[in-house]
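# Remarks on the overall topology
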Amino acid sequence: QVHVVESGGGLVQAGGSLRLSCQTYGGTFSKLAMGWFRQAPGKEREFVAAVSWTDGSPRHADSVKGRFTIVRDNAKNTVYLQMNSLKPEDTAVYYCAVDVFGTGSVREDSYDYWGQGTQVTVSS
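Residues numbered from 1 in each chain as written. Predicted model: local features only at pLDDT ≥ 70, side-chain atom pairs only at ≥ 80, totals over all residues. Heavy atoms only, no water.

## Details of the pairing of strand 7 (residues 68-73)
Stated precisely, the cut-off is as follows: Think of it in three bands: with a 1.4 Å probe and only protein chains considered, a residue is buried below 20% of the maximum accessible area for its type, exposed above 50%, and partly exposed in between. Secondary structure elements follow DSSP: runs of H or I of four or more residues count as helices, runs of E of two or more count as strands, with numbering from the N terminus. Two strands are counted as paired when DSSP detects at least two bridges linking them.
Residues Phe 68, Ile 70 and Arg 72 point to one face of strand 7 and are all buried, whereas Thr 69, Val 71 and Asp 73, pointing to the other face, are not buried. In this sheet, strand 8 (residues 78-83) lies alongside strand 7 in antiparallel orientation, the contact comprising 6 bridges. Residue pairing in the sheet places Ile 70 in a bridge with Leu 81 of strand 8. Taken together, strand 7 and the strand that follows it, strand 8, pair antiparallel across an intervening segment of 4 residues, in which Asn 77 is found at a positive phi of about 50°.

Set out below in structure tokens:
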């Protein structure tokens, strides 16, 4: 099994930046597809970004394209979500997830392990 730990959330003003970190323990990180999801108050959990192990190609939700970037560091067994130009609507709990057998799907049920979440709050 894989243990997943997110960090880096916090309070930031609109237009600011944060970098979320997701470190994994166990498994072979270079062969794990990694994803970020978020859930805002009163809303469903939604896909944010993912990166596969098969080709390393990242994908991002339309709502964050051009602002967020997912990057993996295999040497540290860590994936990052660099968030720039943050907006109040980005406020949510952000979850890191591991897809052992897939390539980084937009579907929540494709992922096998989840972190505890980290709160991101963007003030206007």
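## Side note on the packing of aromatic side chains
Under the convention used in this document: Stacked, tilted and edge-to-face pairs are distinguished by plane angle, under 30 degrees for stacked and over 60 for edge-to-face with tilted covering the rest, among Phe, Tyr and Trp rings (Trp via its six-membered ring) whose centres lie within 6.5 Å. Only when the NZ atom of a Lys or the CZ atom of an Arg is both within 6 Å of the ring centre and within 35 degrees of the ring normal do we say a charge sits over the ring.
In total, this model carries 4 aromatic pairs according to the counting rule given. Judged by centre distance (5.7 Å) and plane angle (75°), the ring pair of Phe 37 and Phe 47 falls under edge-to-face. Here the residue Phe 37 occupies a position in strand 4 (residues 33-39), and Phe 47 occupies one in strand 5 (residues 46-51), the gap between them amounting to 10 residues. The exposure class of Phe 37 is buried, given its relative accessible area of 0%. Here the aromatic cluster, defined as three or more aromatic residues joined through ring pairs, consists of Phe 37, Phe 47, Tyr 111 and Trp 114. Across from the ring centre of Tyr 95, 4.3 Å away, lies the NZ or CZ of Arg 45, which sits over that ring.

## Considering the environment of Ala 97
Quick reminder of the rule: Two residues qualify as a contact provided that any one of their heavy atoms is within 4.5 Å of a heavy atom in the partner residue.
Tracing the sequence through the fold places Ala 97 in strand 9 (residues 92-99). Ala 97 gets classed as buried once you look at its relative accessible area, which sits at 0%. Through-space distance from the C-alpha of Ala 97 to that of Val 120 is 17 Å; in sequence the pair is 23 residues apart. Here Ala 97 is in contact with Ala 33, Met 34, Gly 35, Phe 37, Tyr 111, Tyr 113 and Trp 114, once residues within four sequence places are set aside.

## Details of the nonpolar core
Where we set the bar: The nonpolar core is taken to be a set of buried Ala, Val, Leu, Ile, Met, Phe, Trp, Tyr and Cys residues, with the residues joined through side-chain atoms within 4.5 Å.
Within the largest apolar cluster, 33 residues are counted, with the highest numbers of intra-cluster contacts made by Met 34, Trp 36, Val 79, Leu 81, Met 83 and Tyr 94. Elements represented by at least two residues in this core include exactly strand 3 (18-25), strand 4, strand 5, strand 7, strand 8, strand 9 and strand 11 (118-123).

## Section: the sheet that holds strand 8
Which entries qualify depends on this criterion: Here an angle of 0 to 180 degrees is reported between the N-to-C directions of two axes, which are lines fitted to C-alpha atoms, with helices fitted over the stretch in contact.
Strand order in this open sheet of 4 strands is 1-3-8-7, and the pairing throughout is antiparallel. This sheet does not close on itself; its edge strands, each paired only once, are strand 1 (3-7) and strand 7. Taken over all neighbouring pairs, the strand axes of this sheet differ in orientation by 15° on average, direction set aside. Where strand 3 lies against strand 8, 6 bridges are found, and the strand directions are antiparallel. Looking at strand 8, one finds that Ser 21 is bridged to Tyr 80.

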